[in-house]
Amino acid sequence: MKLIPNAWRVLTRSASMWCVYLSLLSEYAPYIIPYLDGVIPRWLSVAFLLAAPLMRVKDQGNLHADK
């Protein structure tokens, strides 16, 4: 397995990782801010996780190491 030289750039700019981050945020936000309990639907985190593989195959031209 070869690691990529621009891991931080990929973690911050890839669309599939943002789906995972938004899923985590939608899951933990009601625990952090109790007023959001019942406002954020329970299915939202699952929807973000289901969208992550679709965003993985999307062309993301801004993740090259030479930029």
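Refer to the structure presented above.
Each value, and the rule that gives it
- Residues numbered from 1 in each chain as written.
- Predicted model: local features only at pLDDT ≥ 70, side-chain atom pairs only at ≥ 80, totals over all residues.
- Heavy atoms only, no water.
- Helix = DSSP H or I, 4+ residues; strand = E, 2+ residues; numbered from the N terminus.
- Buried < 20%, exposed > 50% of the residue type's maximum accessible area, 1.4 Å probe, protein only.
- Contact = heavy atoms within 4.5 Å.
- Areas by Shrake-Rupley, 256 points an atom, 1.4 Å probe, with all protein chains shown as cover.
- 1 Å grid on protein atoms, 1.4 Å probe; cavity = no way out; pocket = protein on both sides within 12 Å on 5 of 7 lines; lining within 4 Å.
- Points joined across faces, edges and corners; volume = space filled by probe spheres on them.
- Nonpolar A, V, L, I, M, F, W, Y, C, P; charged D, E, K, R; others polar.
- Patch = residues over 30% accessible without salt bridge, like charges linked within 9 Å, V, L, I, M, F, W, Y side chains within 5 Å.
- Salt bridge = Lys/Arg side-chain N within 4 Å of Asp/Glu carboxyl O.

Once that is clear, we can look at the overall build of the protein chain. Across its full length, the protein chain carries three helices and zero strands. Reading the protein chain from its N terminus to its C terminus gives the helix and strand order α-α-α. For the protein chain, the residues scored as buried account for 21% of the 67 residues in total. Across the protein chain, every contact between residues at least 6 apart in sequence was considered, and the portion connecting residues at least 24 apart equals 62%. Total accessible area on the protein chain is roughly 5,500 Å²; 69% of this is exposed by carbon and sulfur atoms.

Computed from the structure, the largest pocket encloses a volume of approximately 160 Å³. Per-element tally for the lining of the largest pocket: the top contributor is helix H2 (residues 15-32), with four residues. Considering only residue class, the lining of the largest pocket consists of four nonpolar, three polar and three charged.

Residues Trp8, Leu11, Trp18, Tyr21, Leu22 and Leu25 make up a contiguous nonpolar surface patch of roughly 640 Å² in combined accessible area. When residues of the nonpolar patch are traced back to their parent elements, those giving at least two are helix H1 (7-13) and H2. Ranked by residues supplied to the nonpolar patch, first place goes to H2 with four residues. Tracing the backbone through its elements, the reader meets Tyr21 in helix H2.

Our focus in this paragraph is the pattern of salt bridges. Scanning the entire structure with this criterion turns up one salt bridge. Note that Glu27 is salt-bridged to Arg42, the shortest N-O span being 3.6 Å. Separated by 15 residues along the polypeptide, Glu27 in helix H2 and Arg42 in the loop between H2 and helix H3 (43-56) bring together distant segments of the chain. Given the relative accessible area of 61%, Arg42 is considered exposed.

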